[in-house]
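# Structural overview
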Amino acid sequence: MVEKTIWQPSPNFDDRGDGVPTDMLVLHYTGMETGAAALARLTEENSQVSAHYLVEEDGTVFQLVEEKNRAWHAGVSAWRGETNINARSIGIEIVNPGHEFGYRAFPDNQMASVADLSKDIVERHGIQPTHVVGHSDVAPARKEDPGELFAWEKLSEIGVGIWFGKGWRADLTRPSLHVGSEGDIVQRLREHLRGIGYGVAEIGLFDDELSVVIKAFQRHWRPNLIDGVADSETQSAVEEIFKRSGRLTPLAARLT
Ligand SMILES: [Zn+2]
C-alpha cells in the first residue's frame with residue numbers, strides 16, 4: 001500500500017454495478033489553479049464530480065472514494081468498445097493547472113507518488129497495461145489531460161501502461177496523412193487506433209474526428225508534436241503501440 005494517504009471523503013460516488021470488473025486505470029490532471037481548489041471541488045456535493053485519488057504536487061496522496069465504489073471522473077468516454085468507464089475504472093487526479101491555467105511539468109515527488117499508487121492499483125486489481133489510459137485517450141474530443149508532459153514512459157518501466165519496445169525506431173519514410181487523405185492506408189490507421197482502444201469509426205476518410213484522435217495518441221505516445229497530422233513517425237508509432245496492445249477484444253473477454 002502507498003504510505004501517508006490522507007482520507008478526505010467525497011459524497012460523489014455510487015455503486016459500480018453487479019459483475020462489473022475494475023479493470024482500468026484512468027489518469028487526469030485537475031486543471032484548476034491550485035490543488036486545494038481541486039480537492040474542494042472533488043469533495044463538494046454540488047460539483048457531482050470526484051475521483052478515487054488526488055495527488056498533490058508535493059507528492060501527498062488523498063483518497064476521496066473507496067476503490068470498491070464508482071467515482072465520477074471520466075464522463076462520456078469510450079475505450080475498447082466499452083463506454084461505462086467510470087464503472088470499471090479507478091480514477092487518479094494529478095494536481096496541475098492544465099492547459100487552461102498554465103500547464104507545467106509534474107514535479108518528481110508528485111510523479112513518484114503517482115507511480116507508487118498506480119503500480120499498487122494495477123497489481124491489486126490485475127489491470128493490464130492496455131487498460132491504463134489518460135482522460136484524453138477515452139474522451140479525445142473533450143479532454144487534453146493529463147497531457148503531453150506526463151511521464152508515461154516512466155510508468156511503463158514499472159509495468160504500468162504500454163510503451164515502445166526496447167530499440168524500436170520509427171519508420172520515417174511514409175507519406176503524411178491529414179484531413180482529406182483517403183485509401184487503404186487510412187483504413188489501416190483506423191483499424192490500428194481501434195485496436196489500441198480508441199473510439200474511432202471503422203471506415204471513412206481522414207476527417208476532423210480522426211485528427212482529434214491522432215492528437216490524443218500524440219499526447220500519450222508522441223508528445224513532442226501534437227498537431228493531429230499522421231506523419232510518418234506518428235503512423236509508425238501507432239503501428240508499434242497497436243502490435244504491443246494485442247487484438248481488439250472486449251474488456252470482459254480479457255478477464256480470467
Ligand atoms: Zn480528466
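All figures in this text were calculated on a predicted structure; none of them were measured in a lab.

Another point: the coordination of the zinc ion. Distances from the zinc ion to its protein donors, His28 (ND1), His135 (ND1) and Asp145 (OD), fall within 2.1 Å. Mapping the donors of the zinc ion onto the primary sequence gives the spacing H-x106-H-x9-D. Separated by 117 residues along the polypeptide, His28 in strand E3 (residues 24-29) and Asp145 in the loop between helix H5 (135-138) and helix H6 (152-157) bring together distant segments of the chain. The buried category is assigned to Asp145, whose relative accessible area is 6%.

Okay, the sheet that holds strand E5 (residues 61-63) next. Pairing within the open sheet is mixed, and its six strands lie in the order E1-E5-E4-E7-E3-E8. One side of each edge strand has no neighbouring strand; the edge strands of this open sheet are strand E1 (5-7) and strand E8 (132-134). Recorded for the sheet is a direction-independent mean angle of 25° between the axes of neighbouring strands. Bridge count between strand E4 (residues 53-55) and E5: three bridges; the pairing is antiparallel. Along E5, the bridge assignment pairs Leu54 with Phe62.

With that out of the way, let us pick up the side chain of Gln63. Relative to the assigned elements, Gln63 resides in strand E5. If we skip the residues at most four places from it in the chain, Gln63 touches Thr5, Ile6, Trp7, Gln8, Pro9, His52 and Tyr53.

Here the focus is the pattern of salt bridges. Any two side chains of opposite charge can pair, on the condition that their charged atoms come close. As enumerated under the stated definition, the model contains 16 salt bridges in all. In this structure, the salt-bridge partner of Glu123 is Lys119, at a minimum N-O distance of 2.7 Å. Highlighted residues: Glu123 and Lys119, both in helix H4 (residues 108-125), separated by four residues, approximately one helical turn. For Lys119, a relative accessible area of 30% translates into the label partly exposed. Because the salt bridges share partners, they merge into one network encompassing Asp23, Glu82 and Arg88.

Here we come to the domain arrangement of the protein chain. Each domain of the protein chain was delimited in the assignment, giving domain 1 (5-157) and domain 2 (184-254). Placing the centre of domain 1 and that of domain 2 at their C-alpha centroids yields a distance of 22 Å. Contact with domain 1, which involves 21 residues of that partner, is made by 20 residues of domain 2. Note on domain 1 versus domain 2: buried area summed over both sides is about 1600 Å², and carbon and sulfur give 57% of it. The interface formed by domain 1 and domain 2 contains two salt bridges.

Parameters at a glance
- Residues numbered from 1 in each chain as written.
- Predicted model: local features only at pLDDT ≥ 70, side-chain atom pairs only at ≥ 80, totals over all residues.
- Heavy atoms only, no water.
- Donors = N, O, S within 2.8 Å, 3.2 Å for Na, K, Ca; no water.
- Helix = DSSP H or I, 4+ residues; strand = E, 2+ residues; numbered from the N terminus.
- Buried < 20%, exposed > 50% of the residue type's maximum accessible area, 1.4 Å probe, protein only.
- Pairing = 2+ DSSP bridges.
- Axes fitted to C-alpha atoms, helices over the stretch in contact; angles between N-to-C directions.
- Contact = heavy atoms within 4.5 Å.
- Salt bridge = Lys/Arg side-chain N within 4 Å of Asp/Glu carboxyl O.
- Domains from an automatic or database assignment.
- Buried area = accessible area lost by both parts, 1.4 Å probe.

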